[in-house]
Amino acid sequence: MPYFLLTLTVLFWAGNFVTARGIHADFPPLTMSFMRWGLALLIILPFILPRILRKWPLIRQHLPVLTLLSVLSVVCFNSFIYLGVQTTQATNATLMQSAVPIIILVFTSLFLGETVVRRQWLGVFVSLAGVLMLVAKGDPEILMTLSFNTGDLWILAAVLSWSAYSVMLRLKPAELDGFTFFGVTVVIGVVVLFPFMLWEYLAGARPQWSPQTLSAIIYMAICPSILSYIFWNRGVAELGPAKAGLFIYLMPLFGLILAVIFLNETVEPFHFIGMGLIFSGIYLAIIAGRNHNDKKASA
């Protein structure tokens, strides 16, 4: 069961990118982000409100940290994704997310002083070369002229935001259980997103409601938001974080397949080259590097 739940989790996450790309012409990105999390909040509110009231003194004490974590994850990460897929393929977006473990490694080295060996730095550069391959779409002239697709730059910003969130999760108060923490970040995220959604609406970017866009928002609110959170926690509890973390590497594959089936996106050679470089770098930096450190520790 945990293997099935973790596979569904990653499939839902990949589906979030594809769904957002599918309705990008009919739904403004900041409104999309607000509607997704606003609906998710309405669904979980009866369950989360009593928990928040019970833990309010603790939440108030750590409100600045909780706000920062919410802004990095609920607000920035998702909004940047939705801004990105306005002008870039869902395939590119999901493949670029594969670089998150590499960026986390760099952040922990630069800001937390964790040791990174030479082999791991080699993996970092190989993975970043893969990201550049995707951003440049295999065209060296784009790198030379720095004429990048704006959507790809938004996706890179999302990668940086989620990586920063992952590193700063260690600041989360230990006394706050996972579901309450999730609920608090959603509440804060919806409050922060509201003025941006309103600004977008007043600027003339109005959503075009239809059965397709309504079903897309419902999917985003339920599957990659609530169910993925529950399924992921269950999988991690049963298999442990190390094994569960490996399932994340399925997301580029799922994203590519879904984008081809539902969006008729074309897979180019540079997609495979970029994905190959990213995963080669992840192997060097994360897997081989971890094994190297374990051997040193046991020597």
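The text that follows walks through the structure, step by step, so that each part is easy to find. Quantities reported herein were computed from a predicted structural model and do not represent experimental measurements.

**Re the overall build of the chain**
In terms of helices and strands, the chain carries 14 helices and 0 strands. Ordered by position from the N terminus, the helices and strands of the chain form the series α-α-α-α-α-α-α-α-α-α-α-α-α-α. Reported as C-alpha extents along the three principal axes, the dimensions of the chain are approximately 50 × 45 × 35 Å. Looking at the 299 residues of the chain, the share that counts as buried comes to 48%. In the chain, once contacts between residues fewer than 6 apart in sequence are set aside, the share between residues at least 24 apart is 89%. Element-wise, carbon and sulfur atoms account for 71% of the exposed surface of the chain, whose accessible area totals about 14400 Å². Charge-centre separation for the chain: the mean point of 17 positive side chains lies 12 Å from the mean point of 12 negative side chains.

**Side note on the environment of Gly 84**
For Gly 84, the location among the structural elements is in helix 4 (residues 63-84). The sequence separation of Gly 84 and Ile 102 amounts to 18 residues, and the corresponding C-alpha distance is 20 Å. Those residues in contact with Gly 84, other than ones at most four positions away along the chain, are Gly 151, Trp 154 and Ile 155.

**Brief notes about the nonpolar core**
Formed by 46 residues in total, the largest nonpolar core has its most connected members in Ile 23, Met 32, Ile 81 and Met 220. In terms of residue count, helix 1 (residues 2-22) provides more of this core than any other element does, 6 residues in total. Ignoring anything within four residues of it in the chain, the contact list for Ile 23 reads Met 32, Gln 212, Thr 213, Ala 216, Ile 217 and Met 220. Counting 33 residues, the second largest nonpolar core, distinct from the first, contains Phe 34, Ala 40, Ile 103 and Ala 221.

**Here's the deal with the packing of aromatic side chains**
Taken as a whole and assessed by the stated rule, the structure comprises 13 aromatic pairs. Relative to Tyr 219, the ring of Phe 12 has its centre 6.4 Å away and its plane inclined at 85 degrees; by these criteria the two rings are edge-to-face. Taken together, the residues span a long stretch of sequence, with Phe 12 in helix 1 and Tyr 219 in helix 11 (residues 211-239) at a distance of 207 residues. Between Phe 27 and Trp 209 the ring centres are 5.0 Å apart and the planes differ by 85 degrees, which places this aromatic pair in the edge-to-face class. Within this pair, whereas Phe 27 is found in the loop between helix 1 and helix 2 (29-54), its partner Trp 209 is found in the loop between helix 10 (178-202) and helix 11, the two being separated by 182 residues in sequence. The class for Phe 27 is buried, based on a relative accessible area of 1%.

**Details of the pattern of salt bridges**
Within the structure shown, the criterion is met by 2 salt bridges. Measuring nitrogen to oxygen at the nearest pair gives 2.9 Å for the salt bridge that ties Asp 177 to Arg 51. With Asp 177 in the loop between helix 9 (150-168) and helix 10 and Arg 51 in helix 2, the pair connects residues that are 126 residues apart, well separated along the chain. Of the residues examined, Asp 177 reaches a relative accessible area of 28% and is grouped as partly exposed. Glu 238 serves as the salt-bridge partner of Arg 234, at 2.4 Å between the closest nitrogen and oxygen.

**Things to note about the environment of Tyr 3**
Its place among the elements puts Tyr 3 in helix 1. Excluding residues that lie within four positions of it along the chain, Tyr 3 makes contacts with Leu 239 and Phe 247.

**A look at the side chain of Ser 228**
Secondary-structure assignment places Ser 228 in helix 11. At 2.9 Å, the side chain of Ser 228 forms a polar contact with the backbone oxygen of Cys 223. The contact partners of Ser 228, leaving out residues within four places of it in the chain, are Thr 9, Phe 12, Trp 13 and Cys 223.

**Some words on unusual backbone geometry**
Located in the positive-phi region is Asn 264, a residue other than glycine, with phi close to 55 degrees. You can see Asn 264 is positioned in the loop between helix 13 (251-263) and helix 14 (269-298). A relative accessible area of 64% places Asn 264 in the exposed class.

What counts, and where the lines are drawn
Residues numbered from 1 in each chain as written. Predicted model: local features only at pLDDT ≥ 70, side-chain atom pairs only at ≥ 80, totals over all residues. Heavy atoms only, no water. Helix = DSSP H or I, 4+ residues; strand = E, 2+ residues; numbered from the N terminus. Buried < 20%, exposed > 50% of the residue type's maximum accessible area, 1.4 Å probe, protein only. Contact = heavy atoms within 4.5 Å. Areas by Shrake-Rupley, 256 points an atom, 1.4 Å probe, with all protein chains shown as cover. Lys, Arg positive; Asp, Glu negative; His and termini not counted. Charge placed at Lys NZ, Arg CZ, Asp CG, Glu CD. Core = buried A, V, L, I, M, F, W, Y, C linked by side-chain atoms within 4.5 Å. Phe/Tyr/Trp six-rings, centres within 6.5 Å; stacked < 30°, edge-to-face > 60°. Salt bridge = Lys/Arg side-chain N within 4 Å of Asp/Glu carboxyl O. Polar contact = N/O pair within 3.5 Å; in protein donor to acceptor, adjacent residues only side chain to side chain.

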